[in-house]
Amino acid sequence: ASPSDFLLPEMKERNPWHSPATIIITVIGVIAVVALVTVIVLQNREIPQKYKYGIVMDAGSSHTSLYIYRWPAEKENNTGRVEEMHSCQVAGPGISSYASAPWKAGESLRACMREAEQQVPQRRHQQTPLYLGATAGMRLLSMENSSAAEAVLRAVEESLRGFSFSYQGSRTLRGQEEGAFGWVTINYLDERLGQPRPPGDRPPHQTLLQGLETTGALDLGGASTQISFVSDHFDGSESPDNSMVFRLYGNDYSLYTHSFLCYGKDQALRLALAHQTQDAPVTLLDPCFHPGYEASKDYSAVYDSPCVSSRRPQGAPLNFTHKGAGNFAQCQKVIRSIFNSSSCSHSRCSFNGVFQPPLQGKFGAFSAYYFVMDFLNLTDTSLPLETVKRELARYCSNSWDQVKQQHPAVKVKYLAAYCFSGTYIITLLTDGYNFSSESYSSIKFIKKIRGSDAGWTLGYMLNLTNMIPAEAPDSPPLPQAGYASLVTLMVLVLAVVLLLLALRPRWPCCSQQPQV
Ligand SMILES: Nc1nc2c(ncn2[C@@H]2O[C@H](COP(=O)(O)OP(=O)(O)OP(=O)(O)O)[C@@H](O)[C@H]2O)c(=O)[nH]1
Ligand SMILES: [Ca+2]
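An unreviewed UniProt entry lists the protein under the name Ectonucleoside triphosphate diphosphohydrolase 1, with Tetraodon nigroviridis given as the organism. Heading Sequence similarities (unreviewed entry) of the UniProt record for the protein holds this comment: "Belongs to the GDA1/CD39 NTPase family."

Below is the structure:
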């Protein structure tokens, strides 16, 4: 007989490692280990970020810019932040300048479009929407010659259709849209619309999805200027034309917005020149230009705009000599005369009889507000308004020779006009919009926010692609927190399994006392 024949039958089957309980526990343990390793590897793997893209062309009165935006694929409604990836400045003037040769407008956009084809990965071209929005230059051209304006838009359309993107149309924005989308852009970039923030970017204890106080938007273009802000004293009833109502991320906004056509800085300069040349002088001594500045200007060129064409003086010579006098106070007087503050049929007005509720909150001032104030070193709005005016007065009184000498690299076209432009900005803000010495400090002159340009284009694209939902997502996504809980849970399961296995030999079923 073999030695095993002397063992009792129970003892043969009682190997503890073969009991069903042990096998189940071991299998669970192995699954937990595999899952844990998989989750950790997947979560920490370098994922090449996938983006979607959108392109907006801003066809302004003075020039056209192309903006490429991108956002993480599949995240647009939740935590994906849309950002500007690239911009391109179209060479030459704005598309409205090509009224007499519309095809050239289309042609002018090609170089930036080819650049966009390089920037956006080829496999994404066909799903990348492309929009063109025209602003005040085209509004003026439509007033002057609507068929020429249509021909320009058709030419632009034909050109853009020739590229591989998903072309979505070219149109001229209404002034209210231009103002409102500028407001959406800066508040979106500043994360003031109550949008959920990307994980890891949430200030502790912040109540998510609740609207913060929004920032007003001030946009100064070449042909028009926009003011947009939320006011507690405005529900739209007093002036429906100035009202835009939004529901964004579950918050309602009643926005006041107005666009003043002809009050962009180029057209405002025409208004000021027209005001000073009503008696058809041969020489104009202009306080808004530096002493020593002298240029010959054609009457027909100055009055060639619907903003001033009806006021061209009778019997004017062909041209006049435009001379600078460099006097801030007198320049301000000229500029005040282009604002009509005498009549207001509403409870309160900005100028030209346009309703404006009381100013409220902070403001971001961009485009030419920024170019000009940055050049003049006056973007610091903690400076008292009186100091700003004193600085401007000093700058305007500099001789033209001196100014040119100090800024040899600046285009003469821009350089000659900074005294006018700075004075215009201060006068527009104070006499026009009623900013006071105190509220002036609530303005911030800005160019970009978190790397994206301030302007109407981003807001326009967010709106057309439905990327800002009316309602907030039901529950804020917590991928990082979910990951942490999953790992913790699995570690706990593992710990329990190991503990059970360690205690296994002492279980009553399995204590191996040979039974005699
Ligand atoms: N000094 C300076 N002026 C600039 C610069 N870029 C544009 N401008 C001028 O600033 C003014 C406003 O420019 P934009 O905001 O581009 O105006 P726009 O979009 O063409 O015009 P709108 O259709 O009225 O919006 C125009 O008179 C431009 O000529 C710049 O880099 N420096
Ligand atoms: Ca503009």
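Chemist: What am I meant to see in the UniProt feature "transmembrane region" (unreviewed entry) in the protein here?
Modeler: UniProt feature "transmembrane region" (unreviewed entry): in the numbering of this structure it lies at residues 20-42, 414-435 and 483-503. Across residues 414-435 one finds 77% helix and 0% strand; the C-alpha atoms that close the span lie 26 Å apart.

Chemist: For this particular structure, what's the right way to read the site of ligand 1?
Modeler: Residues in close proximity to ligand 1 total 19 residues, the closest being Ser 62, Thr 135, Ala 223, Asp 266 and Tyr 418. Here an oxygen atom of ligand 1 sits 2.7 Å away from a polar atom, N or O, in the side chain of Asp 266. For ligand 1, the accessible surface in isolation is 650 Å², of which the surrounding protein chains cover 86%. Contributing elements (two or more residues each) for the shell around ligand 1: helix H8 (265-276) and helix H11 (368-375). Of the residues belonging to the shell around ligand 1, the class tally is seven nonpolar, nine polar and three charged.

Chemist: Would you mind going over the packing of aromatic side chains with me for this structure?
Modeler: The way to describe two aromatic rings as a pair is by their centre distance and the angle between their planes. Counted by the stated rule, this structure contains 27 aromatic pairs. Centre to centre, the rings of Tyr 263 and Phe 339 are 5.8 Å apart; their planes meet at 20 degrees, and the pair counts as stacked. Residue Tyr 263 is located in the loop between strand E9 (251-261) and H8, and its partner Phe 339 is located in the loop between helix H10 (328-336) and strand E13 (363-367); the two are separated by 76 residues in the primary sequence. Here the two residues Tyr 263 and Phe 339 agree in accessibility, since each one is buried. Among the aromatic residues, ring-to-ring pairing joins Phe 260, Tyr 263, Phe 339, Phe 351, Phe 420, Tyr 424 and Tyr 433 into one connected group. The ring of Tyr 51 carries the charged tip of Arg 70 above its face, separated from the ring centre by 4.0 Å.

Chemist: Looking at this structure, I do not really get the UniProt feature "binding site: ATP" (unreviewed entry) in the protein. What am I missing?
Modeler: Here, the residues flagged by UniProt with the feature "binding site: ATP" (unreviewed entry) are Gly 222, Ala 223, Ser 224, Thr 225 and Gln 226. Among the secondary structure elements, Gly 222 is positioned in the loop between strand E6 (216-220) and strand E7 (224-230). Judged by its relative accessible area of 13%, Gly 222 is buried. If near-sequence neighbours (up to four positions away) are discounted, Gly 222 is found in contact with Ser 61, Gly 264, Lys 265, Asp 266 and Gln 267. Relative to the elements of secondary structure, Ala 223 occurs in the loop between E6 and E7. With relative accessibility at 2%, the residue Ala 223 sits in the buried group. Sequence-distant contacts of Ala 223, defined by excluding residues within four places in its chain, comprise Ser 61, Ala 136, Gly 137, Leu 140, Phe 260, Leu 261, Cys 262, Tyr 263, Gly 264 and Gln 267.

Rules behind the numbers
Residues numbered from 1 in each chain as written. Chains lettered and ligands numbered in written order. Predicted model: local features only at pLDDT ≥ 70, side-chain atom pairs only at ≥ 80, totals over all residues. Heavy atoms only, no water. UniProt positions renumbered as here; feature names shortened; annotations may be inferred. Helix = DSSP H or I, 4+ residues; strand = E, 2+ residues; numbered from the N terminus. Near = heavy atom within 4 Å. Polar contact = N/O pair within 3.5 Å; in protein donor to acceptor, adjacent residues only side chain to side chain. Areas by Shrake-Rupley, 256 points an atom, 1.4 Å probe, with all protein chains shown as cover. Nonpolar A, V, L, I, M, F, W, Y, C, P; charged D, E, K, R; others polar. Phe/Tyr/Trp six-rings, centres within 6.5 Å; stacked < 30°, edge-to-face > 60°. Buried < 20%, exposed > 50% of the residue type's maximum accessible area, 1.4 Å probe, protein only. Lys NZ or Arg CZ within 6 Å of the ring centre and 35° of its normal. Contact = heavy atoms within 4.5 Å.

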